[in-house]
Amino acid sequence: MTAVINEKREIVHWYFDITLANLDVVVLPNREIFVLDEAELLNALNNEKITDDDYRLAKAELDKLLTTLTADNNDLLKRWEADFKTLHAVI
């Protein structure tokens, strides 16, 4: 997970990269979620750059991430917010 912040130290977005498949997920501060590069994942499968198992694993990881991100008690983003407050107090 990468957090992008602006010069005012406000979150611009969070960025998640499912590396094996080059799948990306972007979450905006309003918690709107965008999944990027799904077509590239399918192309990689169709062009045999990844295996069926790789494809299924990437989709499973994406599903788990989306489930976490859409949960009422989103531990990933809550943890980031807590860590950022701590870091912000130090710098």
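Overview of the structure.

About the cut-offs
- Residues numbered from 1 in each chain as written.
- Predicted model: local features only at pLDDT ≥ 70, side-chain atom pairs only at ≥ 80, totals over all residues.
- Heavy atoms only, no water.
- Pairing = 2+ DSSP bridges.
- Helix = DSSP H or I, 4+ residues; strand = E, 2+ residues; numbered from the N terminus.
- Axes fitted to C-alpha atoms, helices over the stretch in contact; angles between N-to-C directions.
- Core = buried A, V, L, I, M, F, W, Y, C linked by side-chain atoms within 4.5 Å.
- Buried < 20%, exposed > 50% of the residue type's maximum accessible area, 1.4 Å probe, protein only.
- Contact = heavy atoms within 4.5 Å.
- Arc of directions from axis to C-beta.
- Salt bridge = Lys/Arg side-chain N within 4 Å of Asp/Glu carboxyl O.

Moving on to the sheet that holds strand 1 (residues 2-5). Across the sheet, 4 strands lie side by side as 1-2-3-4; this open sheet has antiparallel pairing. What marks the edges here is a single partner per strand, and that holds for strand 1 and strand 4 (33-36). Geometrically, the sheet is characterised by an average inter-axis angle of 20° between neighbouring strands, direction not taken into account. In this sheet, strand 3 (residues 23-27) lies alongside strand 2 (residues 11-18) in antiparallel orientation, the contact comprising 5 bridges.

The biggest cluster of nonpolar side chains holds 18 residues, and the ones touching the most others in it are Phe16, Leu23, Val25, Val27 and Leu69. At the level of secondary structure, the elements contributing two or more residues to this core comprise strand 2, strand 3, helix 1 (38-46), helix 2 (52-70) and helix 3 (75-90). It is helix 2 that contributes the most residues to this core, 4 residues altogether. In this structure, leucine 23 is in contact with Phe16, Asp17, Ile18, Val35, Leu36, Asp37, Glu38, Leu41, Ala58 and Leu62, ignoring residues within four places of it in sequence.

Our focus in this paragraph is helix 1. Of all the residues in helix 1, the buried ones are Leu41, Ala44 and Leu45. Looking straight down helix 1, one finds its buried side chains confined to an arc of 100°; they lie on one side. In this structure, helix 1 carries Ala39 and Asn46 as exposed residues pointing more than 90 degrees from its buried face. Next to the buried residues of helix 1 lie strand 3 and helix 2.

Moving on to the pattern of salt bridges. It is possible for side chains bearing opposite charge to pair when their charged atoms get close. A full pass over the atoms with the stated rule returns 4 salt bridges. The salt bridge involving lysine 59 is made with glutamate 38; its shortest N-O contact spans 2.9 Å. You can see lysine 59 sitting in helix 2 and its partner glutamate 38 sitting in helix 1, a full 21 residues away along the chain. Since its relative accessible area comes to 26%, lysine 59 is described here as partly exposed. Its relative accessible area of 37% is what places glutamate 38 among the partly exposed residues. Arginine 79 is the salt-bridge partner of aspartate 83, the closest N and O atoms lying 2.8 Å from each other. Of the two residues, aspartate 83 and arginine 79 are both situated in helix 3; the distance of 4 residues between them amounts to about one turn of the helix.

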